[in-house]
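Listed below are the residues making up each chain.
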Amino acid sequence: MKLDVFIERENKKEKVELPEGSTLKDLLTKLKINPVTVVISKNGEVVAEIAKIKDKDKIELLSVVSGG
Amino acid sequence: MCKTCKENPVIIIQGNKPLCKGCFMKYFEKKVFWTIRQYNLIDKKDIIAVGVSGGKDSLTLLYLLNKVLTPQKTKFFGLLIDEGIKGYRNITIEDAKKFCKENGIELKIISYKKEFGNTLDEMLKQKKINACALCGVLRRYLINKYARKYGATKIATGHNLDDEAQSILMNQLKGNMAFSAKLGPKTGVLTHDQFIPRIKPLYFLTEKETTTFSKLKNLPVTFIECPNHKDSFRDEVGKMLSNLEAKYPGTKQSVVNSLLQVLPSLAKQFKGQKIGTCKKCKEPAAKDLCKVCELLKR
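Every value quoted in this text rests on a predicted model; they were computed, and no experiment measured them.

1. Quick look at the overall build of chain A
Next up, step 1: Of the regular secondary structure elements, chain A holds one helix and five strands.
Next up, step 2: For chain A, the α and β elements follow one another from N to C terminus as β-β-α-β-β-β.
Next up, step 3: On the principal axes, the C-alpha backbone points of chain A span a range of 40 × 20 × 20 Å.
Next up, step 4: By residue count, 53% of the 68 residues in chain A fall in the buried class.
Next up, step 5: Put simply, 48% of the contacts in chain A that link residues at least 6 apart link residues at least 24 apart.
Next up, step 6: Surface accessibility of chain A: about 3700 Å² in total, with carbon and sulfur atoms responsible for 50%.
Next up, step 7: Computed over 13 positive and 12 negative side-chain charges, the separation of the two mean positions in chain A equals 2 Å.

See below:
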């Protein structure tokens, strides 16, 4: 399946391919992003990394680090 | 599924527990109110200066303090320090103003430019100095000075579990145990009649939890990072702790718990440290001059 992923900290959009039945945790592993450091939104809704994803889902990864 | 009501989870909280939106919001607020009660952070007669940056932590704190302090008629106001960091603070100030206006909260803004003659950006062009080290000293100085000037009896800050675990580890790695004696949910060992005690109601909540709360509450937060934070020592330590947290859940809480266990003896050990008054600006100082007058050579 193909996903659109927006990585807020780097302000970049990525297209990612993952096998059917993957979870957001699999996506984070593929992107080498630590789940502790991001809040995930799937199609506009905040979700935990254990959520399953499907083809054409829109994912946003919001960094929790702000500093100051 | 949510551990409590079987709805779809929005987060996996400390202790590896998935929670849905409703249960997470209840958990978050309960933990903040528990911290306030458990550590006697606020007395009804207090006047609270809430340190506001306009970021997720401080607006979450302001939202919750408004919820708890307004019904019990405890006075509070927002205190924002404008360091003059272009592309960052000018944006978060607007968020803070918007939030305070919408919620009828008084917001006082103090700027480096007006107080010290230069913005942080200008100071960093003139001096070869670590941005966070300089900025931290100047900010703490102004928060204390103006909280006192406006009659506050306590200063509430949005420090969370991640901030505290990082500070503990940074002090350990640099051998600054006296600094760790000043940590904890409320002010540590140093006393001076010019010092306003500090409290940290978000002390037991992680950065991920405060971010999730602010997002779910639709607080007007622009999620941007301070440009000086990247590659700082704090940033390095923060990354290390988050990597350990992912591998061994509960690491950050354990670091903080370990400090809380030894805090009474640390406080006892460093209690003798005398705090005087700065010869130039009359603010509290460990030496003849306070750190601000020393750094700015004024």
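2. Structural notes on the side chain of Thr 211 of chain B
Next up, step 1: Position of Thr 211 of chain B among the secondary structure elements: in helix H9 (residues 207-216).
Next up, step 2: Residues within four places of Thr 211 of chain B in sequence aside, it is in contact with Val 39, Leu 62, Ser 63 and Val 64 of chain A together with Lys 56 and Phe 223 of chain B.

3. Considerations on a positive patch on the surface
Next up, step 1: Taken together, Lys 3, Lys 6, Lys 17 and Lys 30 of chain B make up a surface patch of like positive charges.
Next up, step 2: With respect to the helices and strands, the residue Lys 6 of chain B is situated in the segment before strand S1 (11-13).

4. Thoughts on the pattern of salt bridges
Next up, step 1: Counted according to the given criterion, the structure contains 23 salt bridges over all chains.
Next up, step 2: Here Glu 83 of chain B makes a salt bridge to Arg 89 of chain B, at a shortest N to O gap of 2.6 Å. Judged on exposure class, the residue Glu 83 of chain B and its partner Arg 89 of chain B are both buried.
Next up, step 3: Across the pair Glu 83 of chain B and Arg 139 of chain B runs a salt bridge whose closest N-O atoms are separated by 3.6 Å. One end of the pair, Glu 83 of chain B, is in the loop between strand S4 (75-82) and helix H3 (89-103); the other, Arg 139 of chain B, is in helix H6 (residues 131-149), with 56 residues separating them in the sequence.
Next up, step 4: Among the residues examined, Arg 139 of chain B registers a relative accessible area of 23% and is labelled partly exposed.
Next up, step 5: Linked by salt bridges that have partners in common, Glu 10, Lys 12 and Glu 14 of chain A make up one network.

5. A short note on unusual backbone geometry
Next up, step 1: For Asn 43 of chain A, which is not a glycine, the phi torsion comes out positive at approximately 50°.
Next up, step 2: Along the chain, Asn 43 of chain A turns up in the loop between strand S3 (38-42) and strand S4 (45-47).
Next up, step 3: Exposure remark for Asn 43 of chain A: the relative accessible area of 43% places this residue in the partly exposed category.
Next up, step 4: Notably, Lys 282 of chain B is not glycine yet its phi reads approximately 70°, a positive angle.
Next up, step 5: Structurally, Lys 282 of chain B is set in the loop between strand S8 (276-277) and strand S9 (284-285).
Next up, step 6: According to the relative accessible area criterion, Lys 282 of chain B is partly exposed, its value standing at 48%.

6. A look at the packing of helix H10 (residues 233-247) of chain B against helix H11 (residues 251-269) of chain B
All names here are of chain B.
Next up, step 1: At a minimum axis separation of 8 Å, H10 and H11 run at an interaxial angle of 115°. Classed by the angle they form, the pair H10 and H11 counts as roughly perpendicular. Here H10 contributes Leu 241, Ser 242, Leu 244 and Glu 245 to the contact with H11, which in turn contributes Thr 251, Lys 252 and Val 255.
Next up, step 2: Its residues placed into classes, the contact of H10 with H11 shows three nonpolar, two polar and two charged.

7. Examining the packing of helix H7 (residues 161-174) of chain B against H11 of chain B
Residues and elements named next belong to chain B.
Next up, step 1: Running from N to C, H7 and H11 cross one another at 60°; their axes reach a closest spacing of 9 Å. As far as their axial angle goes, H11 and H7 are oblique. Seen along the crossing, H7 lies across H11 with a hand that is left-handed. Of the residues in H11, those in contact with Leu 161, Asp 162, Glu 164, Ala 165 and Ile 168 of H7 are Lys 252, Gln 253, Val 255, Val 256 and Leu 259.

8. A short note on the interface of chain B and chain A
Next up, step 1: The interface of chain B with chain A comprises 29 residues on the first partner and 20 residues on the second.
Next up, step 2: Between chain B and chain A lies a buried interface of about 2000 Å² when both sides are counted; carbon and sulfur atoms form 56% of it.
Next up, step 3: Taken together, the connections running from chain B to chain A amount to two salt bridges.
Next up, step 4: Here Glu 225 of chain B and Arg 9 of chain A are joined by a salt bridge, their closest N and O atoms 2.6 Å apart.
Next up, step 5: Across the chain B-chain A interface, the total number found is seven residue pairs in polar contact (both at pLDDT 80 or more).

9. What about H6 of chain B?
For an α-helix, 3.6 residues make a turn, and residues three or four places apart therefore share a direction.
Residue and element names in this part refer to chain B.
Next up, step 1: Here H6 is 19 residues long and its end C-alpha atoms lie 27 Å apart, about the 27 Å a rise of 1.5 Å per residue gives.
Next up, step 2: Inspection of H6 places Ala 131, Leu 134, Cys 135, Gly 136, Val 137, Leu 138, Tyr 141, Leu 142, Ile 143, Asn 144, Tyr 146 and Ala 147 among the buried residues, and these make up the whole buried set.
Next up, step 3: For H6, the N-terminal capping position is held by Asn 130, with its side-chain oxygen 3.0 Å away from the main-chain nitrogen of Cys 132.
Next up, step 4: Gly 151 sits one or two residues past H6 and shows a positive phi near 85°.

Cut-off values and rules
- Residues numbered from 1 in each chain as written.
- Chains lettered and ligands numbered in written order.
- Predicted model: local features only at pLDDT ≥ 70, side-chain atom pairs only at ≥ 80, totals over all residues.
- Heavy atoms only, no water.
- Helix = DSSP H or I, 4+ residues; strand = E, 2+ residues; numbered from the N terminus.
- Buried < 20%, exposed > 50% of the residue type's maximum accessible area, 1.4 Å probe, protein only.
- Contact = heavy atoms within 4.5 Å.
- Areas by Shrake-Rupley, 256 points an atom, 1.4 Å probe, with all protein chains shown as cover.
- Lys, Arg positive; Asp, Glu negative; His and termini not counted.
- Charge placed at Lys NZ, Arg CZ, Asp CG, Glu CD.
- Patch = residues over 30% accessible without salt bridge, like charges linked within 9 Å, V, L, I, M, F, W, Y side chains within 5 Å.
- Salt bridge = Lys/Arg side-chain N within 4 Å of Asp/Glu carboxyl O.
- Axes fitted to C-alpha atoms, helices over the stretch in contact; angles between N-to-C directions.
- Parallel < 35°, antiparallel > 145°, perpendicular 65-115°, else oblique.
- Nonpolar A, V, L, I, M, F, W, Y, C, P; charged D, E, K, R; others polar.
- Left-handed = near helix turned anticlockwise from the far one by under 90°.
- Buried area = accessible area lost by both parts, 1.4 Å probe.
- Polar contact = N/O pair within 3.5 Å; in protein donor to acceptor, adjacent residues only side chain to side chain.
- Expected span 1.5 Å × (residues − 1).

Coordinates in, geometry out; function isn't part of it.
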